[in-house]
Amino acid sequence: MKGYAMLKIGESGWIEKEAPVCGPNDAIVKPLAVAICTSDVHTLWEGAIGERHNMILGHEGCAEVVEVGECVHDFKPGDRVLLPAITPDWNSLEAQAGYSMHSGGMLAGWKFSNFKDGVFAELIHVNDADGNLALMPEGMDVAEACMLSDMVPTGFHASELADVQFGDTCLVIGIGPVGLMAVAGAALRGASRIIAVGTRPNCIEAARGYGATDFISYKNGPIGEQVLAMTDGKGVDKVLIAGGDVDTFKEAVVAVKPGGKIGNVNYLGFGDYIDIPRVEWGVGMGHKEINGGLMPGGRLRMEKLASLVTCGRLDLKPLLSHVFHGWDHLEEALFLMRDKPADLIKPVVVI
Ligand code: NDP
Ligand code: ZN
């Protein structure tokens, strides 16, 4: 089969590989559409997960089932399915402890384009199929379905990590596709004022549509100071981080009220340490909680998130800035994600 692979750090291309083998609990699926993620860019060009040779890239997509193992009960060939980016081993001790995304070790629930071949391939292997796949709702657009792999679950996880409650004033740092879903998640969980940080005009427009009420630019000075100036020096109840770098935590701590919570889903690619400002962290006693997490996977969560789309509570169309048709456009879509032109939110390739 063909797949689009990372040949080594900084180099990619189409390769031929053996088709994956279906174990008793597994499924083999063929993609209907795939999406490119900022994480693919980190993996390929920044060496975020270290060196990989001939590893097929991609972890966002939806698919049709081709084959299932003898122990798979709930899926059969021909089913159209949602594919989560994170595919844990559900019988692991970490999953039993409630942290399936770390099954087998920290972050090891992320398998596609990390420990095994990803979804930019003619055929994809899915472990623990009954636990990891979800049926695609009838009539769902395949490009929209790809947003349920990672963008929706990751952005929404930021609102879970920050524990957004009714009436909370929230700051969302970063309004790329992940941050946009963080805005949407915060709004659905009942946030009142939502201050969004970003500069790309189409992202600002989309963020407004998802519920952002105020905007600031990280290019106009420290975020924390800007937020304090906008909130009579009080700060916000919750901070959701979906952009920036290690220095962003300082801004989040400055911006959040005592008793507030910070939820990070941003990938930190550089720097050895995160600085927590001593005084603004209440000299160690400010009750300013910092959480960071990888999105949870799993069928139940995928089905629930998909139901938000089918019930009309979540519109994924504004994320789909660039929709291509055919594998021939995959490389173009990937390079677009690397170059991030101003009008880009998310590139998707419908197969
Ligand atoms: P984008 O690059 O599309 O968006 C990043 C956002 O951050 C933009 O709004 C950008 O603003 C803003 N930004 C850039 N620099 C700064 C800064 N210094 N301070 C504050 N904001 C800044 O990324 P994605 O939305 O695709 O992904 C966001 C992050 O989430 C990535 O790091 C990705 O790897 C990670 N991720 C994490 C996952 C998880 O499970 N935890 C899963 C998937 C992705 P501007 O408008 O100017 O571009
Ligand atoms: Zn992703």
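Computed from a predicted structure; not experimentally measured.

**Student:** Explain the site of ligand 1 to me, and be specific about the residues and the numbers.
**Tutor:** Around ligand 1 sit 27 residues in total, of which Thr38, Thr199, Tyr218, Asn266 and Lys340 are the nearest. In this structure, Ser39 approaches ligand 1 through a side-chain N or O atom, which is 3.4 Å from an oxygen atom. Contacts to ligand 1 include Tyr267, whose backbone N or O atom sits 3.3 Å from an oxygen atom. Taking 950 Å² as the accessible area of ligand 1 by itself, protein coverage stands at 85%. Those elements that place two or more of their residues in the shell around ligand 1 are α1 (38-46) and α6 (177-188). Per element, the largest residue contribution to the shell around ligand 1 is three residues, and it comes from α1.

**Student:** Outline the packing of α6 against helix α7 (residues 201-210), listing residues and values.
**Tutor:** Two quantities define a packed helix pair, namely the angle between the helix axes and the distance between the axes. Closest axis-to-axis distance for the α6/α7 pair is 9 Å, and the angle between their directions is 15 degrees. Considering the angle they form, α6 stands roughly parallel to α7. Note that α6 runs across α7; the crossing there is right-handed. Taking contact as the criterion, the partners of Leu180, Met181, Val183, Ala184 and Ala187 in α6 are, on α7, Cys203, Ala206, Ala207 and Tyr210. The residue inventory of the contact of α6 with α7, partitioned by class, reads nine nonpolar, no polar and no charged.

**Student:** Can you tell me about the coordination of the zinc ion (ligand 2), naming the residues and giving the values?
**Tutor:** At this site the zinc ion (ligand 2) is bound by Cys37 (SG), His59 (NE2), Glu60 (OE) and Asp150 (OD), with donor distances of 1.8 to 2.3 Å. Classification of the site at the zinc ion (ligand 2) as tetrahedral follows from its four donor atoms and the range of 90 to 129 degrees in their angles at the metal. Sequence spacing of the donors to the zinc ion (ligand 2): C-x21-H-E-x89-D. Taken together, the residues span a long stretch of sequence, with Cys37 in the loop between β3 (27-35) and α1 and His59 in the loop between β4 (55-56) and β5 (60-68) at a distance of 22 residues. By relative accessible area, His59 is classed as buried at 2%.

**Student:** Please give an account of the packing of aromatic side chains that cites residues and values.
**Tutor:** Per the stated rule, a full pass over the model turns up three aromatic pairs. Seen from their ring centres, Trp14 and Trp327 are 5.6 Å apart, and the 80 degrees between their planes marks the pair as edge-to-face. Placement of Trp14 in strand β2 (residues 11-16) and of Trp327 in the loop between β15 (322-325) and α11 (330-339) is noted, with a sequence separation of 313 residues between them. Note on Trp14: relative accessible area 37%, which makes it partly exposed. For the ring pair Trp45 and Phe335, a centre distance of 5.4 Å and an interplane angle of 85 degrees mean the geometry is edge-to-face. One end of the pair, Trp45, is in helix α1; the other, Phe335, is in helix α11, with 290 residues separating them in the sequence. Here Trp45 falls in the partly exposed class, since its relative accessible area comes to 22%. The class for Phe335 is partly exposed, based on a relative accessible area of 29%. Taken together, the aromatic side chains of Tyr4, Trp14 and Trp327 make up a single cluster linked through ring pairs. Positioned over the ring face of Trp45 is Arg338, at 4.7 Å from the centre of the ring.

**Student:** Explain the sheet that holds strand β1 (residues 2-8) to me, using residue names and the numbers behind them.
**Tutor:** Read from one edge of the open sheet, three strands run β2-β1-β4, paired in antiparallel fashion. For this open sheet the edge positions go to β2 and β4, each flanked by a neighbour on one side alone. Relative to β1, α1 is tilted by about 50 degrees, and along the sheet it contacts β1, β2 and β4.

**Student:** An account of the side chain of Asn266 is needed here, citing residue identities and associated values.
**Tutor:** As for its placement among the helices and strands, Asn266 is situated in the loop between β13 (256-264) and β14 (289-292). Exposure remark for Asn266: the relative accessible area of 17% places this residue in the buried category. Here Gly243 takes part through its backbone oxygen, which lies 3.5 Å from a polar atom of the side chain of Asn266. Look past the residues within four positions of Asn266 in its chain and what remains in contact with it is Ile241, Ala242, Gly243, Gly244 and Asp245.

Thresholds applied
Residues numbered from 1 in each chain as written. Chains lettered and ligands numbered in written order. Predicted model: local features only at pLDDT ≥ 70, side-chain atom pairs only at ≥ 80, totals over all residues. Heavy atoms only, no water. Near = heavy atom within 4 Å. Polar contact = N/O pair within 3.5 Å; in protein donor to acceptor, adjacent residues only side chain to side chain. Areas by Shrake-Rupley, 256 points an atom, 1.4 Å probe, with all protein chains shown as cover. Helix = DSSP H or I, 4+ residues; strand = E, 2+ residues; numbered from the N terminus. Axes fitted to C-alpha atoms, helices over the stretch in contact; angles between N-to-C directions. Parallel < 35°, antiparallel > 145°, perpendicular 65-115°, else oblique. Left-handed = near helix turned anticlockwise from the far one by under 90°. Contact = heavy atoms within 4.5 Å. Nonpolar A, V, L, I, M, F, W, Y, C, P; charged D, E, K, R; others polar. Donors = N, O, S within 2.8 Å, 3.2 Å for Na, K, Ca; no water. Tetrahedral: all angles 85-135°; square planar, octahedral: opposite > 155°, others 65-115°. Buried < 20%, exposed > 50% of the residue type's maximum accessible area, 1.4 Å probe, protein only. Phe/Tyr/Trp six-rings, centres within 6.5 Å; stacked < 30°, edge-to-face > 60°. Lys NZ or Arg CZ within 6 Å of the ring centre and 35° of its normal. Pairing = 2+ DSSP bridges.

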